[in-house]
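Structural overview
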Amino acid sequence: MALASLLYAIMGVGVKWASTHYQAGAIVFYRSLVGLVMMAAVMRARGIGWRTRLPGMHLWRSAFGTTALCLWFVVIGGLPLATAMTLNAMSSAWIARFVLAGMVLITPPRPSHHFA
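Residues numbered from 1 in each chain as written. Predicted model: local features only at pLDDT ≥ 70, side-chain atom pairs only at ≥ 80, totals over all residues. Heavy atoms only, no water.

1. Considering the packing of aromatic side chains
Pairs of aromatic rings are described using the distance from one ring centre to the other and the angle between the two planes. Short version of the rule: Two rings from Phe, Tyr or Trp (for Trp, the six-membered ring) form a pair when their centres sit within 6.5 Å of each other. Planes less than 30 degrees apart are called stacked, planes more than 60 degrees apart edge-to-face, and all others tilted. Type-normalised accessible area, obtained with a 1.4 Å probe on protein chains alone, sets the label of each residue: buried when under 20%, exposed when over 50%, and partly exposed for intermediate values. The criterion is that NZ of a Lys, or CZ of an Arg, lies within 6 Å of the ring centre and within 35 degrees of the ring normal, and then a charge sits over that ring.
One pass over the full model with this rule turns up four aromatic pairs. Judged by centre distance (5.1 Å) and plane angle (75°), the ring pair of Phe29 and Tyr30 falls under edge-to-face. With a centroid separation of 5.5 Å and an interplanar angle of 40°, the aromatic rings of Trp72 and Phe73 are classed as tilted. Exposure class is identical for Trp72 and Phe73. Each is buried. The ring of Trp94 has Arg97 sitting right over it, with the charged end atom 5.5 Å from the ring centre.

Written as structure tokens, this is what we have:
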């Protein structure tokens, strides 16, 4: 876990540096290319094929994941690195707030029963 945290921090610094020279889309492309090569090597070593039973779901996940990664890299490039990483670490808190707010807006009010 410590190694993963270190590598995550190094990636943030690398993206911050690269964002001064390249657009977010190019950084996402090369990061994804490295991940694809690594994934292909592991899949080949384990004898796993590329075929999936859920191509539509993989397409949606890829589209949303790529969009989220591009937006995150734009944020890293535009904000101070500490602020961007703090906002990213708080993502679960933001999701919880949005879900709770949505529940309050969508759930109809219950009738109150007052007994005297």
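2. Some thoughts on a nonpolar patch on the surface
Cut-off, in case you're wondering: A patch is a set of surface residues, each over 30% in relative accessible area and not in a salt bridge, joined within 9 Å for like charges and within 5 Å for the nonpolar side chains Val, Leu, Ile, Met, Phe, Trp and Tyr. Accessible surface area values rest on a Shrake-Rupley calculation with a 1.4 Å probe, where residue burial reflects the displayed protein chains alone. Salt bridges are defined as contacts in which a side-chain nitrogen from Lys or Arg sits within 4 Å of a carboxyl oxygen from Asp or Glu. Strands are runs of DSSP state E lasting at least 2 residues, helices are runs of H or I lasting at least 4, and numbering of each runs from the N terminus.
Together, Phe29, Tyr30, Leu33, Leu36, Val37, Met39 and Trp50 make up an exposed nonpolar region whose accessible area comes to about 760 Å². Structurally, Trp50 can be placed in the loop between α2 (24-46) and α3 (55-78).

3. Concerning the environment of Thr52
What counts here: A 3.5 Å cut-off defines polar contacts: any pair of N or O atoms within that distance qualifies, except that in protein one atom must be a possible hydrogen donor and the other a possible acceptor, and neighbouring residues in sequence count only when both atoms are side-chain atoms.
Within the secondary structure, Thr52 sits in the loop between α2 and α3. In this structure Thr52 comes out as partly exposed when scored by relative accessible area, which is 34%. A polar side-chain atom of Thr52 sits 3.1 Å from the main-chain amide nitrogen of Leu54. Within the local environment of Thr52, its side chain forms a polar contact with the side chain of His58, the two groups lying 3.0 Å apart.

4. Considering the packing of helix α1 (residues 2-18) against α3
Rule in force here: Lines fitted to C-alpha atoms define the axes here, with helix axes fitted over just the stretch in contact, and angles between the N-to-C directions of these axes take values from 0 to 180 degrees. Just so you know how the angles are binned, under 35 degrees is roughly parallel, over 145 roughly antiparallel, 65 to 115 roughly perpendicular, and the rest oblique. Two residues form a contact once any of their heavy atoms are found within 4.5 Å. In this classification, the charged set is Asp, Glu, Lys and Arg, the nonpolar set is Ala, Val, Leu, Ile, Met, Phe, Trp, Tyr, Cys and Pro, and all remaining amino acids, among them Gly, are polar.
Contact pair α1 / α3: the axes reach a minimum separation of 8 Å and the direction vectors enclose 70°. One way to sum up the angle between α1 and α3 is to call them roughly perpendicular. Counting all contacts with α1, which are made through Tyr8, Met11, Gly12, Val15 and Lys16, the residues of α3 involved are Trp72, Phe73, Ile76 and Gly77. When grouped by side-chain class, the residues that make up the contact of α1 with α3 number six nonpolar, two polar and one charged.

5. Some remarks on the confidence of the model for the protein chain
Applied cut-off: Along the chain, pLDDT gives the predictor's confidence residue by residue, from 0 to 100.
Model confidence for the protein chain is summarised by a mean pLDDT of 91, while 97% of its residues fall at 70 or above. The lowest-confidence element of the protein chain is helix α4 (residues 81-89), averaging 88 in pLDDT; the highest-confidence one is α2, averaging 95.

6. Observations regarding the nonpolar core
In plain terms, the rule: Put simply, buried Ala, Val, Leu, Ile, Met, Phe, Trp, Tyr and Cys residues joined by side-chain atoms within 4.5 Å make one nonpolar core.
By size, the foremost hydrophobic cluster in this structure holds eleven residues: Val15, Ala18, Ala24, Ile27, Val28, Leu69, Trp72, Phe73, Ile76, Ala84 and Met85. Mapped by element, the contributors of at least two residues to this core are α1, α2, α3 and α4. Element by element, the count of residues in this core is highest for α3, at four residues.

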